Amino acid sequence: AMKLIDKVNKALEDDRCFWSFEYFPPKTQPGVMNLYDRIERMCNLGPLFIDVTWRWGGKSSDLTLELCSNSQTVYGVEANMHMTCTNTNFGLIKGALEKAKEQGVQNILALRGDLPDGTVEFDPSVGEFKYATDLVRYIRQTYGDYFCVSVAGYPEGCLGPEDVDRDIAYLKEKQDAGADMVITQLFYDVDNFLAWVGKCRAAGITMPILPGIMPIQNYGGFKRMTELCRIRVPQEIWDRLEPIKDDDQAIKDYGIEVAAAMIEQMRAAGVRGFHFYTINLERSTRLVLERLGLVPAVSEVRPLPWNPSLSEKRAGENVRPIFWRNHARSYIKRTELWDEFPNGRWGDARSPAYGELVHSVQVRPSAAQAVRRWGSPASVDDVKALFVQFCRGELDSLPWSDTPLQPESALIQQRLADINARGFLTINSQPSCNG
């Protein structure tokens with residue numbers, strides 16, 4: 001295994017483009033198996049590394065490490081392991097770092113671990129570390145330079161534009177504490193990103209900065225996620241999305257176009273590395289790379305029908321059990337698309353992307369936001385009334401339905417409201433009124 005910063009610096013020295021893919025730990029066992037398949041296929045796209053998130057508070061730390069470790073030993077791709085520290089038990093962090101070292105994982109992305117709306121208050125009784133800088137410092141003090149430590153950057157401010165300068169000062173602190181490189185929050189405003197990189201450089205930040213790219217997958221999820229994470233979206237993108245918002249395929253195609261145009265603009269400005277938030281899907285990422293002419297031919301990536309293992313014990317192997325067979329392209333075409341369009345609100349539990357609310361970032365309002373939106377229902381009748389308001393279009397969301405009723409439901413709107421008023425609460429109803 002190799003530290004990412006060495007691979008990144010080598011690519012920058014050679015002035016060549018490189019890319020990386022981010023995944024999250026799936027919520028179901030079949031999802032995990034299918035994600036392994038997906039990672040194996042996506043390794044054909046030649047990523048410099050992959051990176052695996054962990055659920056808030058370290059709830060998926062074992063699965064995250066397992067995905068990282070297996071990706072390195074089985075698929076021969078370097079893995080970067082996320083680690084959040086705020087309100088995360090210190091013993092869990094210490095144990096995860098020890099295990100990572102044991103298993104040859106040499107790359108950590110150190111995060112504070114806020115929920116998207118910034119509602120996490122530091123609780124010293126739960127965790128030792130208040131900021132990501134504390135975690136970076138701990139890793140350096142404990143392990144010297146064994147780990148490559150990357151950190152998060154926020155081109156639009158962690159909680160909003162007013163935080164940008166303060167965040168840059170924090171980023172400089174993270175560098176001084178020993179961080180090696182920066183991966184940014186996703187964004188859609190390239191001019192702002194490039195200006196932000198300029199500010200970082202002026203503040204003495206010399207670490208490589210990898211921009212976070214998330215191809216738009218569907219309208220509802222994109223709107224929700226950009227609002228919740230306060231991500232600026234150029235008006236031109238909204239204008240293009242509006243007329244096609246009910247056409248999932250058109251949205252995905254436009255998402256690929258936007259991501260490719262963003263990367264083109266950044267390449268022209270000298271940016272060489274790009275980090276894809278895949279949301280555990282593969283088609284959009286592959287098509288963006290193909291569109292840009294960046295995807296290497298399969299023969300260039302692997303002289304063997306698989307990637308050599310990064311585990312020293314297995315590095316020289318030239319046979320592999322049958323189930324690691326080399327998947328032909330036709331097989332990729334068949335398997336890549338099976339969960340692109342979730343059927344119903346949650347999609348298929350076997351999909352690696354399952355449970356991320358229609359393949360978008362999982363978002364929940366804070367307690368304060370929920371009270372502002374829905375008040376404090378104290379009886380069953382109060383709950384019925386909220387459902388009725390939602391059915392009539394007077395509320396644009398419920399805890400179970402985070403987008404307003406679709407226009408196709410207008411045909412049965414009054415009936416839906418009547419049914420709910422009687423206590424038959426319709427959650428996620430999908431009336432096929434438009435045929």
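Residues numbered from 1 in each chain as written. Predicted model: local features only at pLDDT ≥ 70, side-chain atom pairs only at ≥ 80, totals over all residues. Heavy atoms only, no water.

(A) Geometry of helix H5 (residues 132-143). Spanning 12 residues, H5 covers 16 Å between terminal C-alpha atoms, matching the ideal 16 Å at 1.5 Å per step. Turning to H5, its buried residues number three or more, namely Ala132, Thr133, Leu135, Val136, Tyr138, Ile139, Arg140 and Tyr143. Turning to H5, the residues buried within the fold contact strand E3 (79-84), helix H4 (90-102), strand E4 (107-111), strand E5 (148-153) and helix H6 (164-177). Directly after H5, the chain includes Gly144, whose backbone phi takes a positive value near 60°. (Helix = DSSP H or I, 4+ residues; strand = E, 2+ residues; numbered from the N terminus. Expected span 1.5 Å × (residues − 1). Buried < 20%, exposed > 50% of the residue type's maximum accessible area, 1.4 Å probe, protein only. Contact = heavy atoms within 4.5 Å.)

(B) A look at unusual backbone geometry. With a phi close to 50°, Ile279 is a non-glycine residue in the positive phi region. Assignment of secondary structure puts Ile279 in the loop between strand E8 (273-277) and helix H11 (283-291). Positive phi, normally seen in glycine, also occurs at Asn280, with a value near 65°. By the element assignment, Asn280 lies in the loop between E8 and H11.

(C) Focus on the pattern of salt bridges. Scanning the entire structure with this criterion turns up 19 salt bridges. Put simply, Arg272 and Asp15 hold a salt bridge, and the shortest N to O gap is 2.9 Å. On the criterion of sequence distance, the pair formed by Arg272 in the loop between helix H10 (248-268) and E8 and Asp15 in the loop between helix H1 (4-13) and strand E1 (18-23) is long-range, its members being 257 residues apart. The partner of Asp62 in a salt bridge is Lys99, and the shortest N-O contact between them spans 3.2 Å. Note that Asp62 is positioned in helix H3 (residues 61-75) and Lys99 in helix H4, a separation of 37 residues in sequence. Taken together, the salt bridges that share partners define one network made up of Lys10, Asp14 and Arg16. (Salt bridge = Lys/Arg side-chain N within 4 Å of Asp/Glu carboxyl O.)

(D) The pairing of E5, seen in detail. Of all 6 residues making up E5, 6 are buried, and the element is well covered by its neighbours. Of the two faces of E5, the one holding Cys148, Ser150 and Ala152 and the one holding Val149, Val151 and Gly153 are both buried throughout. Taken together, the 4 bridges between E4 and E5 define a ladder with parallel strand orientation. Residue pairing for E5: Ala110 is matched across the bridge by Val151. Bridge count for E5 against strand E6 (residues 181-186) is 4 bridges, and the pairing is parallel. Directly across from Val151, in E6, lies its bridge partner Val182. (Pairing = 2+ DSSP bridges.)

(E) Representation of the environment of Val383 within the structure. Note that Val383 resides in helix H15 (residues 380-391). The exposure class of Val383 is partly exposed, given its relative accessible area of 28%. As a C-alpha pair, Val383 and Gly423 span 40 residues in sequence and 9.0 Å in three-dimensional space. Apart from the residues within four sequence positions on either side, Val383 is in contact with Pro377 and Leu425.

(F) Highlighting the side chain of Asp189. With respect to the element layout, Asp189 can be found in the loop between E6 and helix H7 (190-202). A residue is classified by how much of its surface remains accessible, and Asp189, at 18% relative accessible area, is buried. Residues contacting Asp189, with those up to four places away along its chain left out, are Glu156, Arg232 and Pro234.

(G) Layout of the pairing of strand E7 (residues 209-213). Burial of E7 is extensive: 5 of the 5 residues sit out of reach of the surface. Side chains Ile209, Pro211 and Ile213 of E7 all project onto a buried face; the interleaved residues Leu210 and Gly212 project onto the opposite face, where all are buried too. Direction of pairing for E6 relative to E7: parallel, over a ladder of 3 bridges. The residue bridging Val182 from the neighbouring strand is Ile209, located in E7. Once you follow E6 into H7 and on to E7, the crossover reads as right-handed. (Right-handed = clockwise from strand over helix to strand, strands pointing away.)

(H) Highlighting a negative patch on the surface. Taken together, the side chains of Asp246, Asp247, Asp248 and Glu408 make up a negatively charged region of the molecular surface. For Glu408, a relative accessible area of 31% translates into the label partly exposed. (Patch = residues over 30% accessible without salt bridge, like charges linked within 9 Å, V, L, I, M, F, W, Y side chains within 5 Å. Areas by Shrake-Rupley, 256 points an atom, 1.4 Å probe, with all protein chains shown as cover. Lys, Arg positive; Asp, Glu negative; His and termini not counted. Charge placed at Lys NZ, Arg CZ, Asp CG, Glu CD.)

(I) Structural view of the nonpolar core. Among the nonpolar cores identified, the biggest contains 99 residues, and Tyr188 and Trp196 are the most heavily contacted of them. A per-element tally of this core places H10 first, with 9 residues. Among all residues touching Trp196, those that are not within four sequence positions of it are Gly153, Tyr154, Pro155, Val164, Ile168, Leu171, Val182, Thr184 and Ile209. In this structure, Trp374, Phe387, Phe390 and Leu398 belong to the second largest nonpolar core, which totals 7 residues. (Core = buried A, V, L, I, M, F, W, Y, C linked by side-chain atoms within 4.5 Å.)

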